[in-house]
Amino acid sequence: MPSTDPFVPFALPDIGPQEEAEVLDTLRSGWLTTGPKVARFEKAFAGFLGASGLHVLAVNSATAGLHLALDALGIGPGDEVITTTHTFTATAEVIRYMGAQPVLVDIEPHTLCIDPAQVAARITPRTRALIVVHFGGRSADMTALLALARAHGLRVVEDAAHALPATHAGQLVGTLGSDATVFSFYANKTMTTGEGGMLVLRDETHARRARAMRLHGIDRDAFARFNTAVPAWRYDVVAPGFKYNLTDIAAAIGLAQLPRLRAMQQRRAEIAAAYREALADLPLALPPLPAPGDVHAWHLFAVQVHGMARDAFIDAMFAQGIGMSVHYVPLHQMSYWRQSCGLDAGDFPVSQAVYEHTASLPIYSRMDDATVQRVAAAVRRVLPGA
Ligand SMILES: *Cc1c(COP(=O)(O)O)cnc(C)c1O
């Protein structure tokens, strides 16, 4: 029987009166694009990360941030960059932007993140960098990955689109010692600016390059270094850059979201705990927990269905009025990646097995307890023999 209750969306942004007021303030200020609010947002974000010596650059998407990161690291034709097949296409497409070769590897079953052993097995003299994804908001094994990268002289970029806030060994993702960390503020992420992202860099030279490439390759510092009275019209162009700057309208949303981020994460963690309890006895594999003491951002709550076919499970959940998704159809299943990298599902047994069974339940900070229980009850109704 189809449900008559209101449809439960898969994701919903958590926008309240603070966001509305901050955006209205920007609209009335006369300054809509990159300006004072972006500067404040970057400063506030650096404050949230709390580590000194980091360069924090607001960008108009995480994809832009990943592109700028690889550009700043000097990745180019002839280079190989290792990343995971179990991700969104943006993680790997930026490697192609640079004319470099993506090398896709499998994940670990207990984290669903890139497997350090698989990375080690694919390192060649051409390997320049590694892009790590903290799947679902659970941090990857950064201790092993950073050690491996150090041993082989590889750059490390973290695609932290899911991992705000998340910790590894007690330290916030963004401060773990990689060369670059990129967060996403897309509408369904743990914090949003509609579209947007944040690029965190450690090295001053990388930051200077990314700052210029973010806006048409324009470098104002070249003049400012020698002359403090540089007129606003005076700038140099040092490269054919991109149009990746964040607007003040978007930064206004971010300024209102950031002080609420901890509370929003706590709500997601409560929902994840409630799901775990309510679903514990069902024929499902629940998402991996973080290492003891670590924070999971709970961007996703992806279960693996073993009682019935995954597609039928998702159809039945929709019939119960519950929005669902799949994270991910791995890259080795996508025609472009399969053909251009010559991939075969047999090369990714863990990712492939997870993919065949995986279904993501709704999780967002505005979900109330009754809705969480409604989703759990729908899962129980849908699974046979449960
Ligand atoms: C959402 C997402 C991105 C892209 O983020 P945008 O801000 O939309 O560019 C990249 N990688 C992963 C893993 C994502 O989930």
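Refer to the structure presented above.
Residues numbered from 1 in each chain as written. Predicted model: local features only at pLDDT ≥ 70, side-chain atom pairs only at ≥ 80, totals over all residues. Heavy atoms only, no water.

## Some remarks on the site of the ligand
Just so we agree on the cut-off: Throughout this document, a residue counts as near a molecule or strand when at least one of its heavy atoms sits within 4 Å of that molecule or strand. In the analysis that follows, any N or O atom pair within 3.5 Å is treated as a polar contact, provided that within protein one partner can donate a hydrogen and the other can accept it, and provided that, for residues neighboring in sequence, both atoms belong to side chains. Per-residue and other accessible areas follow the Shrake-Rupley method at a 1.4 Å probe size, with only the shown protein chains counted as cover for residues. Definitions used for this entry: grid spacing 1 Å over protein atoms alone; cavity, a set of points where a 1.4 Å probe fits but cannot get out; pocket, an open set with protein on both sides within 12 Å along at least 5 of 7 lines; lining residue, one with an atom within 4 Å of a point. Whether a molecule sits in a cavity or pocket is decided by its atoms, more than half of which must lie within 2 Å of the grid points. Going along the chain from the N terminus, every DSSP run of H or I of four or more residues is numbered as a helix, and every run of E of two or more is numbered as a strand. As a working rule, the residues Ala, Val, Leu, Ile, Met, Phe, Trp, Tyr, Cys and Pro are called nonpolar, Asp, Glu, Lys and Arg charged, and the rest polar, with Gly in that last group.
Close to the ligand lie 15 residues; Thr63, Asp159, His162, Ser184 and Lys189 are nearest. In this structure, Asp159 approaches the ligand through a side-chain N or O atom, which is 2.7 Å from a nitrogen atom. Contact between the ligand and Tyr328: an oxygen atom at 3.0 Å from a side-chain N or O atom of the residue. Relative to its free-state accessible area of 390 Å², the ligand is covered by the protein chains to the extent of 93%. When atom positions are compared with the pocket grids, the ligand is found to occupy the second largest pocket. Mapped onto the shell around the ligand, the elements with two or more residues apiece are α3 (62–72) and α4 (89–97). Residue composition of the shell around the ligand, grouped by class: six nonpolar, seven polar and two charged.

## Regarding the pattern of salt bridges
Filter applied, for reference: A carboxyl oxygen of Asp or Glu within 4 Å of a side-chain nitrogen of Lys or Arg is what we treat as a salt bridge. Three labels apply to residues, based on accessible area from a 1.4 Å probe with only protein chains included: buried if under 20% of the type maximum, exposed if over 50%, partly exposed otherwise in between.
On inspection of all chains with the given rule, the structure shows 15 salt bridges. Close ionic contact of Arg214 with Glu42 constitutes a salt bridge, the shortest N to O distance being 2.9 Å. One end of the pair, Arg214, is in helix α7 (residues 204–214); the other, Glu42, is in helix α2 (residues 36–49), with 172 residues separating them in the sequence. Among the residues examined, Arg214 registers a relative accessible area of 12% and is labelled buried. What makes Glu42 buried here is its relative accessible area of 16%. For the salt bridge of Asp369 with Arg267, the shortest nitrogen-to-oxygen distance reads 2.9 Å. Of this pair, Asp369 sits in helix α14 (residues 369–382) while Arg267 sits in helix α10 (residues 261–279), and the two are 102 residues apart along the sequence. Asp369 sits in the exposed class, given a relative accessible area of 53%.

## Digging into the layout of surface pockets
Here is the rule: Grid points are joined across faces, edges and corners, and a volume is the space filled by probe spheres set on the points.
Taken as a whole, the largest pocket holds about 550 Å³ of empty space. Lining the largest pocket are 24 residues, with Arg211, Arg214, Leu215, Ile218 and Arg220 positioned closest to its centre. Broken down by element, the lining of the largest pocket gets its largest block of residues, five residues, from α7. Across the lining of the largest pocket, the residue classes tally to twelve nonpolar, three polar and nine charged. For the second largest pocket, the calculated volume is near 440 Å³. As for the second largest pocket, its lining consists of 29 residues, of which Phe88, Ser184, Tyr186, Asn188 and Lys189 are closest to the centre.

## Digging into the nonpolar core
As a reminder of what qualifies: Within this scheme, the nonpolar core is defined by two criteria: the residues are buried Ala, Val, Leu, Ile, Met, Phe, Trp, Tyr or Cys, and they are joined through side-chain atoms within 4.5 Å. Residue ranges for the domains originate in an automatic or database domain assignment. Residues are treated as being in contact if the distance between any of their heavy atoms lies within 4.5 Å.
Formed by 52 residues in total, the largest nonpolar core has its most connected members in Phe45, Val119 and Phe183. Listed by contribution, the elements that provide at least two residues to this core are α2, β1 (55–59), β3 (101–105), β4 (127–133), α6 (142–152), β9 (197–201), α9 (248–257) and α10. Two domains each put at least three residues into this core: domain 1 (17–260) and domain 2 (261–382). If we ignore the near neighbours within four places in the chain, the residues touching Val119 are Ile82, Val105, Ile114, Leu130, Leu145 and Leu148. In terms of nonpolar packing, the next biggest core, distinct from the first, is built from 29 residues, Phe301, Phe313, Leu361 and Ile363 among them.

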